[in-house]
Amino acid sequence: MSEKLLGLASLNRLDQNARPLVDPRELRPQVVHFGLGAFHRAHQAVYTEAASEATGQATGIVAVAPRDASVVQRAREQDYLFSVTTRSPGGSQPRVVAALSGALHLSHDAAALDTLIRSAEVSTITLTVTEKGYHRDPASGRLNLADPRIAADLDLSRKNPADAVVGTVVARLAVSLANRLRTIGAPIDVVSCDNLDGNGSVLAGVVREFVAAAGWADSDKVLDWLDTSVGFPSTVVDRIVPATSAADLAEAAARLGVQDGLAVAGEPYSQWVLQNAFRAARPAWEHGGAQFVDDVASYQLTKLRLLNGSHSGLAYLGLAAGCRTIADVLATDWGATFVRGYAAEVAATLPNGGPDPLRYAESLVARFSNNAIHHELRQIGSDGSLKLPQRWVTVLRDLREQASPVGPNQTLALAAWAHATRPDASSGGQLFGTTDPATAALAGCWRGSPSGVVARLLNVLGAADLAEDADLTRSAEALLPDLAAGHVPLQ
Ligand SMILES: NC(=O)c1ccc[n+]([C@@H]2O[C@H](COP(=O)([O-])OP(=O)(O)OC[C@H]3O[C@@H](n4cnc5c(N)ncnc54)[C@H](O)[C@@H]3O)[C@@H](O)[C@H]2O)c1
Ligand SMILES: O=P(O)(O)OC[C@@H](O)[C@@H](O)[C@H](O)[C@H](O)CO
């Protein structure tokens with residue numbers, strides 16, 4: 001292997017402060033992680049390495065790439081090492097992290113993955129597979145059995161219950177957890193680290209629905225075992241980690257002195273709150289800085305509704321105004337005002353006992369203003385049809401239930417999202433280049449009469465109840481001409 005590439009052979013070329021906290025050769029697999037994306041590397045992997053250093057138990061993660069096989073290849077070439085650069089306006093600091101002990105592809109390595117999930121050494125599974133990875137129906141929130149990929153996996157797993165080479169993470173979990181019951185039967189925990197409201201119960205729900213729909217001879221027994229022996233704790237994960245750019249890779253190579261094809265960069269802030277609801281032995285993440293609490297709901301709602309909710313709003317407004325990154329938006333004369341105003345409007349929907357919303361908003365203004373982080377609005381604005389149900393729709397419903405009015409910042413954010421879903425004739429995609437699995441359905445909403453477009457779009461989010469709120473939809477539609485002119489009409 002080339003010494004110019006990050007790997008075991010090039011570790012001694014690194015500056016002392018850029019070296020891993022633990023010896024990568026000592027890692028033993030205890031965790032299987034689905035979703036070998038940027039966030040996992042800069043978040044759960046970092047906590048796991050810190051816990052390994054603190055406890056002296058070198059926990060290894062076998063990371064699974066559900067789609068892109070090239071990332072598995074790169075991880076293998078680099079002996080599963082990668083760097084995380086912490087970026088702030090004061091400077092940036094890369095460090096190589098030793099937490100991964102293997103990498104597999106979901107379908108190419110199906111047999112090895114199944115063996116691992118039913119092995120006694122693995123006690124925890126984690127996931128960062130985006131909202132798309134859960135295959136939920138937007139209106140009901142349940143597993144969408146009509147989704148072609150889920151339907152295909154159900155078909156495969158009916159024909160071959162134990163050995164099906166399935167293509168979705170939900171099906172892989174259902175099949176391999178059932179195989180674990182059929183072989184060692186030892187308890188295990190499965191931890192969703194995606195930005196979903198009640199992510200533990202959402203994940204438990206889709207896995208159970210797959211098992212029930214598969215109709216295996218032992219499906220009922222598997223469902224009972226999932227209840228008694230498999231934990232699905234909820235978690236709140238927080239660290240801003242943009243997709244890695246070519247410039248990030250070049251900077252990592254220059255700073256480290258070796259090439260790192262898996263480099264990621266993130267902000268200094270990081271938080272991981274986990275529900276104390278594990279059934280099996282787990283990594284001692286509390287020694288790596290994670291918090292364990294009995295109920296994560298107040299942390300989860302505050303984070304999703306204030307951070308992610310305002311992030312989405314900034315993304316759509318910023319795109320309308322011609323900005324590229326979140327820091328660009330915060331540099332306008334309206335960015336911070338929007339974050340504060342939006343937080344004040346959402347505050348009434350947050351449970352007691354969580355962080356103070358207005359102080360939280362101030363911390364967001366500071367984090368979002370970090371101009372060493374280049375978080376593209378197009379990335380945040382993509383998949384809006386799957387993100388907005390938990391970022392905005394639940395908030396709007398709670399306000400209706402309280403008979404409270406929808407605030408001007410929420411209405412403006414809704415209008416900006418609507419504007420960003422406009423079809424772009426030249427590209428065939430969305431106006432600003434955001435991507436969304438519901439692009440065609442969203443584009444279809446622009447075909448009817450202009451009045452009614454916001455209601456039609458809300459229906460695509462599975463929010464027929466909000467679509468009937470004429471005050472909301474008309475107020476949002478009234479803002480569209482300003483947004484189309486590149487003006488953000490913030491009061
Ligand atoms: N990046 C962040 O700042 C951040 C912060 C908090 C939480 N998160 C959570 O982590 C998730 C992933 O973020 P990331 O930055 O790693 O993104 P990424 O694009 O780098 O990685 C996404 C991962 O999800 C997988 N994936 C995508 N679509 C899938 C599908 N349909 N089925 C199964 N797997 C699929 C990809 O293969 C990849 O492994 C986010 O969607 C969010 O829920 C991210
Ligand atoms: O990662 P996504 O695409 O689901 O959402 C974009 C951002 O809102 C999100 O990544 C935040 O930066 C993150 O949740 C902060 O912890």
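Residues numbered from 1 in each chain as written. Chains lettered and ligands numbered in written order. Predicted model: local features only at pLDDT ≥ 70, side-chain atom pairs only at ≥ 80, totals over all residues.

Engineer: Just to check I follow, could you spell out the overall build of the protein chain for this structure?
Structural biologist: Of the regular secondary structure elements, the protein chain holds 21 helices and 12 strands. Relative to the 2.2 N^0.38 estimate, which gives 23 Å for 491 residues, the radius of gyration of the protein chain is 23 Å and therefore close to what a compact globule would have. When the backbone C-alpha atoms are referred to their principal axes, the protein chain occupies close to 60 × 55 × 50 Å. Counting all 491 residues of the protein chain, 50% fall into the buried class. Across the protein chain, contacts joining residues at least 24 apart in sequence account for 76% of those joining residues at least 6 apart. (Helix = DSSP H or I, 4+ residues; strand = E, 2+ residues; numbered from the N terminus. Rg over C-alpha atoms; globule rule 2.2 N^0.38 Å. Buried ≥ 20, exposed ≤ 12 C-beta atoms within 10 Å, placed from the backbone. Contact = placed C-beta atoms within 7 Å.)

Engineer: Sorry if this is basic, but what is going on with the site of ligand 1 here?
Structural biologist: As a structural note, the neighbourhood of ligand 1 is formed by 23 residues, with G37, F39, P66, G133 and D194 the closest of them. It is helix α1 (residues 38-42) that provides the largest number of residues to the shell around ligand 1, a total of three residues. A breakdown of the residues in the shell around ligand 1 according to their chemical character gives 11 nonpolar, seven polar and five charged. (Near = placed C-beta within 6 Å. Nonpolar A, V, L, I, M, F, W, Y, C, P; charged D, E, K, R; others polar.)

Engineer: Help me out: how do you make sense of helix α7 (residues 199-214) in this one?
Structural biologist: An α-helical segment advances 3.6 residues per turn. Residues three or four places apart therefore align on the same side. Look at α7: 23 Å from first C-alpha to last across 16 residues, which is about the 22 Å you get at 1.5 Å a residue. Those residues of α7 not exposed but buried are N199, G200, V202, L203, A204, V206, V207, R208, F210, V211 and A214. Against the buried residues of α7 lie α5 (148-159), α6 (169-182), β7 (188-192), α8 (219-229), β9 (235-238) and β11 (271-275). Count one or two residues on from α7 and you reach G215, which has phi positive near 60°. (Expected span 1.5 Å × (residues − 1).)

Engineer: Honestly, the domain arrangement of the protein chain in this entry has me stumped. Any pointers?
Structural biologist: Frequently, the measure chosen for interface size is the accessible area removed from exposure when the parts meet. Domain parsing of the protein chain yields domain 1 (8-293) and domain 2 (297-484). With 22 residues of domain 1 at the interface, the matching set in domain 2 holds 25 residues. Counting residues per element, the ones that place at least two in the side of domain 1 that touches domain 2 are β3 (82-88) and β9. Of the residues that constitute the side of domain 1 that touches domain 2, the class distribution is 10 nonpolar, six polar and six charged. (Domains from an automatic or database assignment.)

Engineer: Just to check I follow, could you spell out the UniProt feature "domain: Mannitol dehydrogenase N-terminal" (unreviewed entry) in the protein chain for this structure?
Structural biologist: Under the UniProt annotation, the feature "domain: Mannitol dehydrogenase N-terminal" (unreviewed entry) is placed at residues 30-286. Here residues 30-286 is 38% helix and 21% strand, with 16 Å between the C-alpha atoms at its ends. (UniProt positions renumbered as here; feature names shortened; annotations may be inferred.)

Engineer: Whenever I open this one, the site of ligand 2 confuses me. Can you help?
Structural biologist: Near ligand 2 the following residues occur: N195, D238, R239, I240, L307, N308, H311, Q379, I380 and K387. Secondary structure elements with two or more residues in the shell around ligand 2: α10 (297-320) and α14 (377-381). The element contributing the most residues to the shell around ligand 2 is α10, with three residues. In the shell around ligand 2, the residues fall into three nonpolar, four polar and three charged.

Engineer: Any chance you could explain the sheet that holds strand β6 (residues 124-127) here in plain terms?
Structural biologist: Strands belonging to one sheet form pairs held by backbone hydrogen bonds; the direction of such a pair is parallel or antiparallel. Strand order in this open sheet of six strands is β5-β2-β1-β6-β7-β8, and the pairing throughout is parallel. The two strands at the open ends of the sheet, each matched to only one other strand, are β5 (100-105) and β8 (230-231). Across two bridges, the pairing between β7 and β8 is parallel. The residue of β8 that forms the bridge with D189 is G231. Contacts between helix α2 (residues 44-55) and the sheet are confined to β1 (28-34), β2 (59-65), β5 and β6, with β2 contributing the most and set at about 165° to the helix. (Pairing = 2+ DSSP bridges. Axes fitted to C-alpha atoms, helices over the stretch in contact; angles between N-to-C directions.)

Engineer: For this particular structure, what's the right way to read the nonpolar core?
Structural biologist: Generally speaking, nonpolar side chains in soluble globular proteins are found buried as a group. Among the nonpolar cores identified, the biggest contains 92 residues, and V64, A103, V170, A174, V207 and F210 are the most heavily contacted of them. If you tally residues by element for this core, the top one is α6, at nine residues. Leave out the neighbours within four places in its chain, and V207 touches V170, L173, A174, L177 and L226. (Core = buried A, V, L, I, M, F, W, Y, C linked by C-beta atoms within 7 Å.)

Engineer: What's the story with the pairing of β3 in this structure? I'm lost.
Structural biologist: The two faces of the sheet receive side chains in turn, since in a regular strand these alternate between them. Burial runs high along β3: five of the seven residues are buried. Both β3 and strand β4 (residues 91-97) contribute to a ladder of seven bridges, which runs antiparallel. By the bridge assignment, R87 is partnered in β4 with S92. Where β3 folds back on β4, the antiparallel hairpin that results is connected by two residues. Note: β3 against strand β10 (residues 264-266), three bridges, orientation parallel. Counted as the bridge partner of T85 is A265 from β10.

Engineer: What's the story with the sheet that holds β4 in this structure? I'm lost.
Structural biologist: A sheet is described by the order of its strands in space; here three strands give the open sequence β4-β3-β10, paired in mixed fashion. Edge strands, defined here as strands with exactly one partner in the open sheet, are β4 and β10. The average angle at which neighbouring strand axes cross in this sheet is 25°, direction not considered.

Engineer: Honestly, the confidence of the model for the protein chain in this entry has me stumped. Any pointers?
Structural biologist: In low-pLDDT segments, the atomic positions of the prediction should not be examined closely. Per-residue pLDDT for the protein chain has a mean of 97; in total, 99% of the residues score no lower than 70. The complex prediction reports pTM at 0.97, with the ipTM value standing at 0.99. (pLDDT = per-residue confidence, 0-100.)

Engineer: Could you clarify how one ought to interpret the environment of F210 in this entry?
Structural biologist: Mapped onto the elements of the fold, F210 is located in helix α7. By the C-beta count within 10 Å, which is 27 here, F210 ends up buried. When neighbours within four sequence positions are excluded, F210 is seen to be in contact with L143, V170, A171 and A174.

Engineer: Explain the environment of G91 here, please?
Structural biologist: By the secondary structure assignment, G91 is in strand β4. Sequence separation between G91 and A372 is 281 residues; the distance between their C-alpha atoms is 7.9 Å.

Engineer: Sorry, what's going on with the UniProt feature "domain: Mannitol dehydrogenase C-terminal" (unreviewed entry) in the protein chain here?
Structural biologist: Taken from the UniProt record, the annotation "domain: Mannitol dehydrogenase C-terminal" (unreviewed entry) applies to residues 295-443. Across residues 295-443, helical content stands at 63% and strand content at 0%; the span's end C-alpha atoms are separated by 40 Å.

Engineer: Can you walk me through the packing of helix α4 (residues 110-117) against α6 in this structure?
Structural biologist: To characterise two packed helices, one gives the angle between the axes of the helices and the distance between these axes. At a closest axis distance of 8 Å, the pairing of α4 and α6 adopts a crossing angle of 50°. Between α4 and α6, the interaxial angle falls into the category oblique. Seen along the crossing, α4 lies across α6 with a hand that is right-handed. Residue-level inspection shows L113, D114 and I117 of α4 in contact with α6, the latter providing R172, S176, N179 and R180. Across the contact of α4 with α6, the residue classes break down as two nonpolar, two polar and three charged. (Parallel < 35°, antiparallel > 145°, perpendicular 65-115°, else oblique. Left-handed = near helix turned anticlockwise from the far one by under 90°.)

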